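Residue strings, one per chain:
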Amino acid sequence: MDYGFYKSAFGGSLIPPELFNRYMYKAKAYLSVATNDRPIPPEYEENAAFALCEIAEVYMKLSSRCGVKSENTDGYSVSYDNSLIKLELSEILNLYLGDSDLLFKGEL
């Protein structure tokens, strides 16, 4: 997965090149946990790549203070609505990999 794929195949524009590796690394870590570190079968590699791009964008938005639930400027405190973020990530995985066994939490 590289920035060229993100820009051309996925059509991404949210993540600048200098931050791409940071958010893609997080996306890969999330996908690894969600799939129990199972190898991605060849027929799902493209779907997984698109899922990674979307997940990386979610992390980028999160760092840009999207999902802020509340904020206090006196002592500068911000809290995020994690349930919305988890739901969005789950929807992304189900969209691209829901018809595979990759998201199954048990033994295959």
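As shown above, the structure is provided for reference.
A short tour of the structure in this document, coming up. Note that residues are indexed from 1 along each chain, following the sequence as it is written. For this predicted model, a pLDDT threshold of at least 70 governs which residues receive local features, and a threshold of 80 or more governs which side-chain atom pairs are given and counted, while totals over whole chains, interfaces and linings are taken from all residues. Computation of side-chain values covers all heavy atoms of the structure but excludes hydrogens and water.

## Topic: helix α2 (residues 17-34)
Residues spaced three or four apart along an α-helix point in a common direction, a consequence of the helix completing one turn every 3.6 residues.
Here's step 1: By definition, any uninterrupted DSSP run of H or I lasting at least four residues is a helix, any uninterrupted run of E lasting at least two residues is a strand, and each is numbered from the N terminus. Here a helix's expected span is defined as the number of its residues, less one, multiplied by 1.5 Å. Taking 1.5 Å of rise per residue, the 18 residues of α2 would be expected to cover 26 Å, and the 26 Å separating its terminal C-alpha atoms lies within 8% of that figure.
Here's step 2: Downstream of α2 by one or two residues, N36 has phi in the positive range, about 55°.

## Considerations on helix α3 (residues 45-63)
Here's step 1: Spanning 19 residues, α3 covers 27 Å between terminal C-alpha atoms, matching the ideal 27 Å at 1.5 Å per step.
Here's step 2: Each residue gets one of three labels from its accessible area relative to the maximum for its type: buried under 20%, exposed over 50%, partly exposed in between, using a 1.4 Å probe on protein chains only. Along α3, the residues classified as buried are A48, A49, F50, A51, L52, C53, I55, A56, E57, V58, Y59 and M60.

## Regarding the packing of aromatic side chains
Here's step 1: Centre distance within 6.5 Å is the pairing criterion for rings of Phe, Tyr and Trp, where only the six-membered ring of Trp is used; planes under 30 degrees apart are then read as stacked, over 60 as edge-to-face, and the remainder as tilted. Following the criterion strictly, the structure yields seven aromatic pairs and no others.
Here's step 2: When the ring of Y3 is compared with that of Y6, the centres are 5.6 Å apart and the planes differ by 40°; the resulting orientation is tilted. One end of the pair is Y3 and the other is Y6, both in helix α1 (residues 3-8) and three residues apart, which spans about a single turn.
Here's step 3: The class for Y6 is buried, based on a relative accessible area of 0%.
Here's step 4: Centre to centre, the rings of Y3 and F20 are 5.3 Å apart; their planes meet at 80°, and the pair counts as edge-to-face. Of this pair, Y3 sits in helix α1 while F20 sits in helix α2, and the two are 17 residues apart along the sequence.
Here's step 5: Residue F20 is classed as buried on the basis of its relative accessible area of 2%.

## Notes on the side chain of T35
Here's step 1: Mapped onto the elements, T35 comes out in the loop between α2 and α3.
Here's step 2: Contacts described as polar in this section are N or O atom pairs within 3.5 Å, which, within protein, must combine one atom able to donate a hydrogen with one able to accept it, while residues neighboring in sequence count only if both atoms come from side chains. Polar contacts involving the side chain of T35 include one to the main-chain carbonyl oxygen of L31, which spans 2.9 Å.
Here's step 3: Non-local contacts of T35, meaning those with residues more than four positions away in its chain, are made with L102 and L103. Should any heavy atoms of two residues lie within 4.5 Å, those residues are counted as being in contact.

## A word on the environment of E43
Here's step 1: Topologically, E43 is positioned in the loop between α2 and α3.
Here's step 2: Remark: the alpha-carbon pair of E43 and S100, spanning 57 residues in sequence, is separated by 9.7 Å.

## Concerning the environment of R38
Here's step 1: Within the secondary structure, R38 is located in the loop between α2 and α3.
Here's step 2: It is 9.5 Å that separates the C-alpha atoms of R38 and D101, two residues lying 63 residues apart in sequence.
Here's step 3: A distance of 3.2 Å separates a polar side-chain atom of R38 from the backbone oxygen of L102.

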